[in-house]
Amino acid sequence: MTDLLTRPRSLTPPPVQAPRRPLWLTCAAAGALAAGGVLVGCLALALVGWFSSEAGAFGDTRDALRVGAGGWLMAHGSGLRLGQTSVGILPLGLTALCAYVTFRLGRAATRGREGDDLRTTALGALVLASVYTLVATLTAVAATTPSAAFSPGRSLLGALLLSLTAGGAGVLGGTTAGRALLGRVPGPATAILRTALAVSCAVLLAGAVLVATALLLDLGAAATVLSRLHADTAGGALATLLVAAFAPNAVLMGGAYLLGPGFAVGTGTIVSSTSVVLGPVPAFPLLAALPPDGPTPGWLVWLVGVPVLLAAVAAALVVRGALGRPDAGYQAALLRGLAGGALAGLVCTVLVWSAGGAVGPGRMADVGASTMQMLASAPAGLALGAAVGAVLRTGWSRYRQRRAAATVPAPGGQSADADSTESAESAESAEDTVIL
């Protein structure tokens, strides 16, 4: 009877899972696609511009392709040498696009993968960066001519840095081992990084607002520059894309203006809140935001305090969050604010440095802000603002906690205010001991 009631076993074999591709192979495809995708887009835009210029009357398709490849290479810091003239400025808008595409494809290469260890993840990130760098180096060699030379060495270093940073972050963030590694970062270090990121974004936002306001106040000059180019619809679209490619450079110069050092648009020039000395500038729409020559109004000096104020607000918002822990001690908040603000100042200095470079011969070989002046002003000012904001927010949070506890009767006959004060003091001392 037992045998008759027993269900027969299924004769259908279990489904066979297809073998999973190695991580290094998917990362290699992601590196090739990240480099080739944006490069092909630049080549296509160059061909459209060549055809739109009197149906391609100037040069041939190979020249147009070299222009597109050159723009992509300059986004990686390859530079361009035209005879005795050097052009070294980076179109940071295009650089940011390359970094974003590389990050997303690095994350896509690890989608749905579980169980890869840290060594396999690191190998995948290295393979992605190697393939990307190989494409950039070969492109620099192929695009170089006797009259226009791109540096293969600088292309290699720039592409390696971009792909290893952006692509490596995507690969690490998409694997279990990478997320576990990021989860081992100590809480205080994470809070410092969050503060630095918030303060840096606040300074960049202030620079963008400054540049946009200056352009709106002198919109007629920008329109005049565009009209003098005598561009048709396609030429106007390409000019708009060129402006978008260099818009982050203008934003970073606006940040240098607010931080105090200002910037130069040619040798012997200065644009700051205290003085403006300019000569002839190229006919580029973004340069319409430059202030006129001569003395500046006295109230512009107070703009130097805007980054400090924004750093205080950004640090206060980070303290309010879970990682900042409003119940932490004053000393911990002070140290986190100082470290996060100083790190943000270093980040802003590196970004401003990358936004400058030579844009032509003669006096136009010096465009950008002074790195030493940025190092002398940005970390100190932002650290001061972030420390003040973190301490004030911590004090306000602790005050509100005590007020809320004072309204609740405590058991055992002791006031809730005393209990909350003791617990806050013990938490502060414990946190300070951990930090120190």
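Residues numbered from 1 in each chain as written. Predicted model: local features only at pLDDT ≥ 70, side-chain atom pairs only at ≥ 80, totals over all residues. Heavy atoms only, no water.

1. Topic: the packing of helix α3 (residues 61-74) against helix α5 (residues 118-143)
With their axes 10 Å apart at the nearest point, α3 and α5 run at an angle of 135 degrees to one another. By the angle class used here, α3 and α5 are oblique. Of the two elements, α3 crosses α5, and the hand of that crossing is left-handed. Facing Arg66, Ala69, Trp72 and Leu73 of α3, the residues of α5 in contact are Tyr132, Val135, Ala136, Thr139, Ala140 and Ala143. Here the contact of α3 with α5 is composed, by residue class, of eight nonpolar, one polar and one charged. (Axes fitted to C-alpha atoms, helices over the stretch in contact; angles between N-to-C directions. Helix = DSSP H or I, 4+ residues; strand = E, 2+ residues; numbered from the N terminus. Parallel < 35°, antiparallel > 145°, perpendicular 65-115°, else oblique. Left-handed = near helix turned anticlockwise from the far one by under 90°. Contact = heavy atoms within 4.5 Å. Nonpolar A, V, L, I, M, F, W, Y, C, P; charged D, E, K, R; others polar.)

2. Comments concerning the nonpolar core
If you look at the biggest cluster of nonpolar residues, it comprises 38 residues, and the most contacted ones within it are Phe263 and Leu382. When residues of this core are traced back to their parent elements, those giving at least two are α8 (187-217), α10 (233-259), α11 (305-320), α12 (330-355) and α13 (371-406). For this core, the element with the most residues is α10, which contributes six residues. Filtering out sequence-adjacent residues up to four positions away, Leu382 remains in contact with Val199, Val203, Leu259, Pro307, Ala311, Gly341, Ala344, Gly345 and Cys348. Grouped together as the second largest cluster of nonpolar side chains are 32 residues, Ala69, Ala75, Leu162 and Leu286 included. (Core = buried A, V, L, I, M, F, W, Y, C linked by side-chain atoms within 4.5 Å. Buried < 20%, exposed > 50% of the residue type's maximum accessible area, 1.4 Å probe, protein only.)

3. Remarks on the packing of α11 against α13
When two helices pack together, their arrangement is given by the angle between their axes and by how far apart the axes lie. In the contact formed by α11 and α13, the axes pass within 7 Å of each other and the chain directions differ by 40 degrees. The angle between α11 and α13 places the two elements in the oblique class. For α11 against α13, the interelement crossing comes out right-handed. In this structure, α11 contributes Pro307, Val308, Ala311, Ala312, Ala315, Ala316, Val319 and Arg320 to the contact, and α13 contributes Gly381, Leu382, Gly385, Ala386, Gly389, Ala390, Arg393 and Thr394. Broken down by class, the residue content of the contact of α11 with α13 amounts to 10 nonpolar, four polar and two charged.

4. Digging into the environment of Gly124
Within the secondary structure, Gly124 sits in helix α5. The class of Gly124 is buried, set by a relative accessible area of 0%. In the structure, Gly124 is positioned 98 residues away from Thr26 in sequence and 8.0 Å away in space, judged by C-alpha atoms. Sequence-distant contacts of Gly124, defined by excluding residues within four places in its chain, comprise Trp24 and Cys27.

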